[in-house]
Amino acid sequence: MADRVTVIGWDGSPLTAAARSALSAATLVAGAAHHLALPEIPPAAERIRLGSLGLAARRIAGHRGSAVVFADGDPGFFGAVRTLRAPEYGLEVEVVPAVSSVAAAFARAGMPWDDAQVVVANPRTLRRAVNVCRAHGKVAVLTSPGAGPAELALLLGPVHRTFVICEELGTEREQVTVVTSDKAPDHVWRNPNVVIVIGGRGTAAEPPWLLGRNPARTAERGWARPLPHAAEGESAPLRAAQLARLGPRTGDLVWDIGSGSGAFAVEAAAFGAAVIAVDADPHACERAGAAARARGLQLQVVAGRAPHVLEDLPEPDVVRVGGGGAAVVAAVADRRPERIVSHASTRDEAEAIGRALAEGGYTVECALLQSVGLDTRTWAEQDRSVVFLLAGERPVIRQA
């Protein structure tokens, strides 16, 4: 094992005394090409150009001497420190931090970032990173080859955003470009880069107290609250059960088909998920959009009749089918979301939806929900609701 491992953050500024001291004693130095070209690196030190950090960690673990690993920005913030400290390598590291690339990007843009979401985009996480950009008004994206500004823009599709693209921060080739998302695919962008994605609702007037979030924006405490005039399929108990079955979360894309007033869509968005609300009624689409704006939430609204309107929508993680019956449920099942919920007023409708889910390869749950609202002045019945709740879960295929 290496006698000493120091991780040095690099932001283009002159090296600190602590960094120079560690580097002067190094017998192995790992980093990107621009790190390995620094004049402070001892001529006799072995140099490793970083590709796979895991492979470099194995080399360092087998090295006898002092090792230094360079990382852009703050190596403890979505950086090298997590990998190097993994138990399989057995490395104890010292860290010399620098300004993170996210902080540097927002500084170049002259913007605060305590209300921003921060995500890592690589080919494996790109779709979920894009969903965060759909759901939130300010997101910093740490990109990678194959998951850069162009790919982000292409997956956002009709969702309009402004990109602040910061290329090669801290180097002589640093460049900051502001473009609209529809123009980003027209350019070739240099790595590494950070993309600040801005759009939708404005930032909070009052400063947030929790990094990346301002819970006060959503105002109302609780979820699945009663509606003054709930339509069929929008009762509070049914919405609560549907939200519980779907479990929308940050990084998910939710389809709400037959969104009606938008009550379910808005509540799913409040959990941090990206939501597309679909309804054939233009007035319903307007109501859903207004409900989201009133809560300070992002919502993409699509006017059209399912299942045909679904063909051009991006792949969902979970889906609520609020209208259209078994035919729409079958079309949704063909897209293979993790979970689907729907409801029915009669047993025949419930059986048809259950068959559509089962034939689509889903494990099916059905429950009969009954609720009665009471007037607390007289304790007389006000509203009675009886509805079938159907939920389908795609079986998880375990790798052997």
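K.L.:
Just to check I follow, could you spell out the overall build of the protein chain for this structure?
P.N.:
On a plain count of helices and strands, the protein chain comes out with 12 helices and 17 strands. The principal-axis extents of the C-alpha atoms in the protein chain amount to approximately 85 × 50 × 45 Å. Across the 400 residues of the protein chain, 48% fall into the buried class. Taking the intrachain contacts of the protein chain between residues at least 6 apart in sequence as the baseline, contacts between residues at least 24 apart amount to 61%. About 19,800 Å² of surface is accessible on the protein chain, with carbon and sulfur atoms providing 53% of the total. The averaged location of the 43 negative side-chain charges in the protein chain is 3 Å from the averaged location of its 41 positive side-chain charges.

K.L.:
What's the story with the packing of aromatic side chains in this structure? I'm lost.
P.N.:
Here the structure, examined in full by the defined rule, presents 4 aromatic pairs. For the ring pair Phe77 and Trp113, a centre distance of 6.3 Å and an interplane angle of 65° mean the geometry is edge-to-face. You can see Phe77 sitting in the loop between strand S4 (66–72) and helix H4 (80–84) and its partner Trp113 sitting in the loop between helix H5 (101–109) and strand S6 (117–120), a full 36 residues away along the chain. The class for Trp113 is partly exposed, based on a relative accessible area of 26%. Ring pairs connect the aromatic residues Phe77, Phe78, Phe106 and Trp113, which therefore count as one cluster.

K.L.:
Teacher, can you tell me more about the layout of surface pockets here?
P.N.:
The gaps left among the atoms become clear once a water-sized probe is rolled over them. A volume near 1,400 Å³ is recorded for the largest pocket. Lining the largest pocket are 44 residues, with Asp72, Phe78, Gly79, Thr143 and Pro192 sitting closest to its centre. Listing elements by their share of the lining of the largest pocket, those giving two or more residues are helix H2 (33–36), S4, H4, H5 and strand S10 (193–198). Here the lining of the largest pocket takes 4 residues from H4, the largest share from any one element. Residue composition of the lining of the largest pocket, grouped by class: 22 nonpolar, 15 polar and 7 charged.

K.L.:
When you look at unusual backbone geometry in this model, what are you seeing that I'm missing?
P.N.:
Negative phi characterises most residues that are not glycine, and trans characterises most peptide bonds. Backbone torsion omega between Asn191 and Pro192 reads -5°, so that peptide bond is classified as cis. Position of Pro192 relative to the elements: it lies in the loop between strand S9 (175–180) and S10. In this chain, Ala306 is followed by Pro307 through a cis amide linkage whose omega measures 10°. In this structure, Pro307 sits in the loop between strand S13 (300–303) and strand S14 (318–321). Residues other than glycine seldom take positive phi values, yet Glu168 does so here, at roughly 45°. Topologically, Glu168 is positioned in the loop between strand S8 (162–167) and S9. For Glu168, a relative accessible area of 13% gives the class buried.

K.L.:
Honestly, the sheet that holds strand S7 (residues 138–142) in this entry has me stumped. Any pointers?
P.N.:
The pairing of strands in a sheet happens through backbone hydrogen bonds and is either parallel or antiparallel. Strand order in this open sheet of 5 strands is S6-S7-S10-S8-S9, and the pairing throughout is mixed. Unpaired on one side and paired on the other, S6 and S9 mark the two borders of the sheet. Strand-to-strand twist in this sheet, taken as the mean axis angle between neighbours without regard to direction, amounts to 20°. Of the strand pairs in this sheet, S6 and S7 are connected by 4 bridges, and their pairing is parallel.

K.L.:
When you look at the environment of Asp348 in this model, what are you seeing that I'm missing?
P.N.:
Inspection of the secondary structure assignment puts Asp348 in helix H12 (residues 347–359). Judged by its relative accessible area of 60%, Asp348 falls in the exposed class. Between the alpha carbons of Asp348 and Ala135 there is a distance of 37 Å; along the sequence they are 213 residues apart.

K.L.:
Quick question: what am I supposed to make of a nonpolar patch on the surface here?
P.N.:
Side chains of Val372, Leu374 and Trp379 sit close together on the surface and give an oily, nonpolar patch of about 310 Å² of accessible area. When you line up the elements, Val372 lands in strand S16 (residues 363–375).

K.L.:
Would you explain the sheet that holds strand S15 (residues 339–344) in this entry?
P.N.:
Pairing within the open sheet is mixed, and its 7 strands lie in the order S13-S12-S11-S14-S15-S17-S16. What marks the edges here is a single partner per strand, and that holds for S13 and S16. Neighbouring strand axes in the sheet, compared pairwise and without regard to direction, differ in orientation by 20° on average. Bridge count for S15 against strand S17 (residues 380–393) is 6 bridges, and the pairing is antiparallel. Within S17, the position partnered with His343 by the bridge is Leu389. Strands in contact with H12 are S15, S16 and S17; relative to S17, the strand with the most contacts, it is inclined by about 20°.

K.L.:
Explain the packing of helix H11 (residues 325–333) against H12 to me, please; I cannot follow it from the model alone.
P.N.:
Packing of H11 against H12 leaves a shortest axis separation of 8 Å and a crossing angle of 15°. By the angle between their axes, H11 is roughly parallel relative to H12. H11 and H12 meet at a crossing whose hand is right-handed. Two secondary-structure elements touch here, H11 through Gly325, Ala326, Val329 and Ala330 and H12 through Ala352, Ile353, Ala356 and Leu357. Classifying every residue of the contact of H11 with H12 gives 7 nonpolar, 1 polar and no charged.

Rules behind the numbers
Residues numbered from 1 in each chain as written. Predicted model: local features only at pLDDT ≥ 70, side-chain atom pairs only at ≥ 80, totals over all residues. Heavy atoms only, no water. Helix = DSSP H or I, 4+ residues; strand = E, 2+ residues; numbered from the N terminus. Buried < 20%, exposed > 50% of the residue type's maximum accessible area, 1.4 Å probe, protein only. Contact = heavy atoms within 4.5 Å. Areas by Shrake-Rupley, 256 points an atom, 1.4 Å probe, with all protein chains shown as cover. Lys, Arg positive; Asp, Glu negative; His and termini not counted. Charge placed at Lys NZ, Arg CZ, Asp CG, Glu CD. Phe/Tyr/Trp six-rings, centres within 6.5 Å; stacked < 30°, edge-to-face > 60°. 1 Å grid on protein atoms, 1.4 Å probe; cavity = no way out; pocket = protein on both sides within 12 Å on 5 of 7 lines; lining within 4 Å. Points joined across faces, edges and corners; volume = space filled by probe spheres on them. Nonpolar A, V, L, I, M, F, W, Y, C, P; charged D, E, K, R; others polar. Pairing = 2+ DSSP bridges. Axes fitted to C-alpha atoms, helices over the stretch in contact; angles between N-to-C directions. Patch = residues over 30% accessible without salt bridge, like charges linked within 9 Å, V, L, I, M, F, W, Y side chains within 5 Å. Salt bridge = Lys/Arg side-chain N within 4 Å of Asp/Glu carboxyl O. Parallel < 35°, antiparallel > 145°, perpendicular 65-115°, else oblique. Left-handed = near helix turned anticlockwise from the far one by under 90°.

The quantities given are spatial measurements derived from coordinates; they are silent on function.
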